[in-house]
Amino acid sequence: MSSGANASSGPLSAAKGEEKTSPEPTPSTQPHNSNSSAFMVAMLILAALTALFAVEYSGGARGAGTGNTTSGGFDLPPQSVFVDPRSFAVLGASSASFRNDSQFFNPSGTTPPFFQIFSRDFLDVLGPTPSLRTIARNASFAFAHEAPVWIAATDEVFFASNDGGALGMSDLEHNNQVSKIALGDPAIKAGGLVNYTEVPLDDAIQMTNGGTPFNGEILLATSGRGPLPPSLVRVHPAPPYNSTVLLDNFFGRQFNSLNDLKVHPTSGNVFFTDVTYGFLGHFRPLPALPNQVYRLNPDTGSLRVVADGFDRCNGVAFSGDGKTAFVTDTGAQGGFLGVNQTAPATIYAFDVHPTTQAFANRRVFAYTDTGIPDGIQLDAAGNVYSGTGDGVQVWNPSGELIGKIFLGTTSSNMVFAGNGRIVVLAETAVYLAEIAAKALDLGSF
């Protein structure tokens, strides 16, 4: 359990602090007075109850694994906070009550990381004894940005550093870095931090940004760098990490900068997004194609566009039956153009045509309240997870925000490492959430 996740703040902690630090009377300095002692105890109890009521009223009931009951009538699991949507439905006329996109929605003032619960549905995701903690960290290097891939055979997670962004140590002249961690490392089991290991890859792999399992190997989406083209690259997950480029053009034209990808659950075709972030990050030329989603048949090489009309398409994922596609549009984040809060920070859902696999019947699935929805994953129950400005946000299949893995910092992506484990990338840190949700087996697609 991470330190600070259950740390109290506000009146409740003050009341507890007073109880612990009040000096005990001694026979030599103060005569025994039973009425006075009883009065003091009564006042302390009253203060604690008042503080507890204040926390509940603000929607901030905290769980410490002791059977705490929320105003919603259910027991809170460890490291969790319940925020009743009714508690913030009306904030009043005071402008101080409102926030902008750069501020976190944390009405309980709880110290991250913790699980923020908005609905009972999130209890099914968390289970009775969830935990959340840091397992790797480097404050000076954004080593854990995107492209998370779990390899079941070795229980390792591969991922890439920030390509062109803050602390990424990569730009027009420098490639980004792919690394891995071993989840079976004794340091993790002991509750400590694990070292990440750089994965040496071929020079054809430039600015890795997306990744997914592919026939026992790893399939990477790269953004390219300068004149070096974006590409889809197959990589063996063991030394010497042999690689094969599967695709680096659209009928002779370079892509803009490939971003994310998934294998379709039933057809085995590869779907990927292409977007202008390489140009917006100062490491790719002017865009030459629209922001689009593509489908590649890896057996025949057939390539087609399946969706367009995005501001900036980003993450992509499928329901377990492959009939529904989800694409994040992160138009609100414009690279050197800045942030435009009136542009999309939206997850769209589509029907996947059974024959052509074109994406149809576009509709809004969800809009993120903080930052943008970047990488996206689904669990076996159809819940949708996306890396956002405050951690990982989770929606049920109906598009209702049911909870957050609240980090108090940006997460660009996450990946299930089998059932009950989510590895969350947070730029300068990696978190491990152990929960009840079952994973979609991406490696079997």
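Everything below is about the structure printed above this text.
## Some words on the sheet that holds strand 15 (residues 292–296)
Spatially, four strands are ordered 13-14-15-16 in an open sheet, and the strand pairing comes out antiparallel. Edge positions in the open sheet fall to strand 13 (258–263) and strand 16 (303–307), since each of these has one partner strand only. Pairwise comparison of adjacent strand axes, ignoring direction, gives a mean angle of 30° for this sheet. Relative to strand 15, strand 14 (residues 270–274) runs antiparallel, the two sharing five bridges. For F272, the partnering residue across the bridge sits in strand 15 and is Y294.

## Comments concerning the pattern of salt bridges
Counted by the stated rule, this structure contains eight salt bridges. Put simply, E217 and R234 hold a salt bridge, and the shortest N to O gap is 2.4 Å. Linking E217 in strand 10 (residues 217–222) with R234 in strand 11 (residues 231–235), this pair joins segments that are 17 residues apart in sequence. A salt bridge links D369 to K404; the shortest N-O distance between them is 3.0 Å. Remark: K404 occurs in strand 24 (residues 401–406) and D369 occurs in the loop between strand 20 (359–367) and strand 21 (376–378); sequence separation between them is 35 residues. You can call K404 buried: its relative accessible area is 1%. One network of salt bridges, in which partners are shared, links R99, D369, D390 and K404.

## Things to note about the packing of aromatic side chains
On inspection of all chains with the given rule, the structure shows 20 aromatic pairs. Summarising the aromatic geometry, the rings of F104 and F406 are spaced 5.9 Å apart at their centres and angled 80° between planes, so their arrangement reads as edge-to-face. Of the two residues, F104 is situated in the loop between strand 2 (80–82) and strand 3 (114–117) and F406 in strand 24; the sequence distance between them amounts to 302 residues. Residues F272 and Y294 carry aromatic rings whose centres are separated by 5.3 Å and whose planes lie at 10° to one another, so their mutual orientation is stacked. Placement of the pair is F272 in strand 14 and Y294 in strand 15, with a sequence separation of 22 residues. Here F272 and Y294 have matching classes, each one buried. Lying across the ring of Y348, R362 places its NZ or CZ 3.8 Å from the centre.

## What to know about the side chain of H264
Relative to the elements of secondary structure, H264 occurs in the loop between strand 13 and strand 14. Of note is the side chain of H264, whose polar atom sits 3.1 Å from the side chain of S267. Polar contacts involving the side chain of H264 include one to the main-chain carbonyl oxygen of G322, which spans 2.9 Å. The residues touching H264, leaving out its near neighbours within four places in the chain, are N269, F271, F318, G322, V352, Q357 and F445.

## Points about the pairing of strand 10
Within strand 10, six of the six residues are buried, which leaves the element mostly enclosed by the surrounding structure. Side-chain alternation along strand 10 places E217, L219 and A221 on one buried face and I218, L220 and T222 on a second face that is also buried. Sheet topology note: the strand 9 (residues 208–214)/strand 10 ladder contains six bridges and is antiparallel. Its bridge partner lying in strand 10, P213 is registered against I218. Counting the residues in the hairpin turn of strand 9 and strand 10 gives two residues, including N215, whose phi is positive at 50°.

## Concerning the sheet that holds strand 11
Pairing between the strands of a sheet is mediated by backbone hydrogen bonds and can be parallel or antiparallel. Ordered in space as 9-10-11-12, the four strands form an open sheet in which the pairing is antiparallel. The strands lining the two open edges of the sheet, one partner per strand, are strand 9 and strand 12 (243–247). Ignoring which end each strand starts from, the neighbouring axes of this sheet average 25° apart.

What counts and what doesn't
Residues numbered from 1 in each chain as written. Predicted model: local features only at pLDDT ≥ 70, side-chain atom pairs only at ≥ 80, totals over all residues. Heavy atoms only, no water. Pairing = 2+ DSSP bridges. Helix = DSSP H or I, 4+ residues; strand = E, 2+ residues; numbered from the N terminus. Axes fitted to C-alpha atoms, helices over the stretch in contact; angles between N-to-C directions. Salt bridge = Lys/Arg side-chain N within 4 Å of Asp/Glu carboxyl O. Buried < 20%, exposed > 50% of the residue type's maximum accessible area, 1.4 Å probe, protein only. Phe/Tyr/Trp six-rings, centres within 6.5 Å; stacked < 30°, edge-to-face > 60°. Lys NZ or Arg CZ within 6 Å of the ring centre and 35° of its normal. Polar contact = N/O pair within 3.5 Å; in protein donor to acceptor, adjacent residues only side chain to side chain. Contact = heavy atoms within 4.5 Å.

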